[in-house]
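# Fold and geometry: a report
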Amino acid sequence: MKKESANIKVGISVGDLNGIGCEVILKTFEDSRMLDLCTPVIFASNKTISQQKNDLGMNITFHGVDQATHAIDGKINVVNVWKETPNIQYGSATPEAGKYAIRSLKAAVRALKNEEIDLLVTAPINKKNIQSEDFNFPGHTDYLARELGGESLMFMVTDSLKVGLLTDHVAVKDVVSNISSERIREKILTIEKSLKMDFGIRRPRIAMLGINPHSGDDGVIGKEDDEVLRPVIREMTEQGKLVFGPYAADSFFGSDTYKQFDAILAAYHDQGLIPFKTLSFGQGVNFTAGLSRVRTSPDHGTAYEIAGKGKADPGSFKEAVFMGISIYRNRKEYKEISSNPLKRQKAKAS
């Protein structure tokens, strides 16, 4: 008799073939216990995966299939997205590697939309070499938002720390112009919904970090915190949301204030990711909240400097698989409870 969890198909895009993507994928599923937890479906080709495992000196077997629906439980499955043999140059950002990264991603997303896989875990890409006439996105998040629908949010998560971004892959000089009352409301609501639906937190407490140093110091170092952030936070609070701030970002994490909240909304990329990665590097997961499907990824990049050397740590990728499965299950349970009043009453009672 199969375990219920064995039916969860985890689709995997391989990312940049010249980086550590394939290495962390193969190292993750080299542990046979992972195959009791889920059925991995890698979107690449038999030849490419064979070359990668041979280059890395790994003793691992896999099962080639033509489509995800033919994946077999208990095996590492590889969907043959291409037949040719790409030229792998470890450590180099080549246009060819970018082309195959996008082919893998598009095939995986197509399978996700067609419900041939249950969730998606993406290995790291290079944001420059993926650019082309038919793919003009700054990264995974923006592409997935278009393909999967919903209000996407870059959400960096561990079991104890969750940081969302008000603006993500935006140049620092453009941050303020990309922040509006509407955007703040949208991101707060997306975080709140995700915490309830994806993480099972009934009454989420959300902290908002200030845009300017010291949250503007009453307008001395900028007026955006007083004129844009505070009115929205006040409005959300009046609606019964547990939203607090804005907090000065420089002392928020060092003083352990972050431990009082279920999630933090940072104003811009480095304001949120520097403390997140400092506190949890190698164990953190990048989760795209707010989409119609579940997508996670590790919290690191292509790591060209160690690619092909067998030195990559699969910890974050493995956590991305664990987190993706957990979110998938939580979301499924949330939908069942939400659609069944009796189950909802039982959940409240417990």
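Quick notes on the rules
- Residues numbered from 1 in each chain as written.
- Predicted model: local features only at pLDDT ≥ 70, side-chain atom pairs only at ≥ 80, totals over all residues.
- Heavy atoms only, no water.
- 1 Å grid on protein atoms, 1.4 Å probe; cavity = no way out; pocket = protein on both sides within 12 Å on 5 of 7 lines; lining within 4 Å.
- Points joined across faces, edges and corners; volume = space filled by probe spheres on them.
- Helix = DSSP H or I, 4+ residues; strand = E, 2+ residues; numbered from the N terminus.
- Nonpolar A, V, L, I, M, F, W, Y, C, P; charged D, E, K, R; others polar.
- pLDDT = per-residue confidence, 0-100.
- Contact = heavy atoms within 4.5 Å.
- Pairing = 2+ DSSP bridges.
- Axes fitted to C-alpha atoms, helices over the stretch in contact; angles between N-to-C directions.

### Overview of the layout of surface pockets
- Taken as a whole, the second largest pocket spans an internal volume of roughly 320 Å³.
- In this structure, the second largest pocket is lined by 21 residues; those nearest its centre are K127, M154, N286, P298 and H300.
- If you list the elements that add at least two residues to the lining of the second largest pocket, you get α5 (140–148), β6 (150–157), α9 (269–280) and β12 (294–298).
- Across the lining of the second largest pocket, the residue classes tally to seven nonpolar, ten polar and four charged.

### Section: the confidence of the model for the protein chain
- Averaged over every residue, the pLDDT of the protein chain is 90; residues scoring 70 or more account for 95%.
- Here residues 1–5 scores under 50 on pLDDT; set against residues more than four positions off or in separate chains, the count is seven contacts.

### A closer look at the sheet that holds strand β3 (residues 63–65)
- Spatial strand order, β3-β4-β2-β1-β5-β12-β11-β6-β7-β10-β8-β9: twelve strands in an open sheet with mixed pairing. Either end of the sheet is taken by a strand with one partner, and the two such strands are β3 and β9 (242–247). Direction aside, the axes of adjacent strands within the sheet are offset by 25° on average.
- Across three bridges, β6 lies against strand β7 (residues 162–165) in antiparallel orientation. Note that in β7 the partner of V157 across the bridge is K162.
- Packed on one face of the sheet, helix α3 (residues 46–55) meets β2 (39–44), β3 and β4 (77–80) and runs near 130° to β4.

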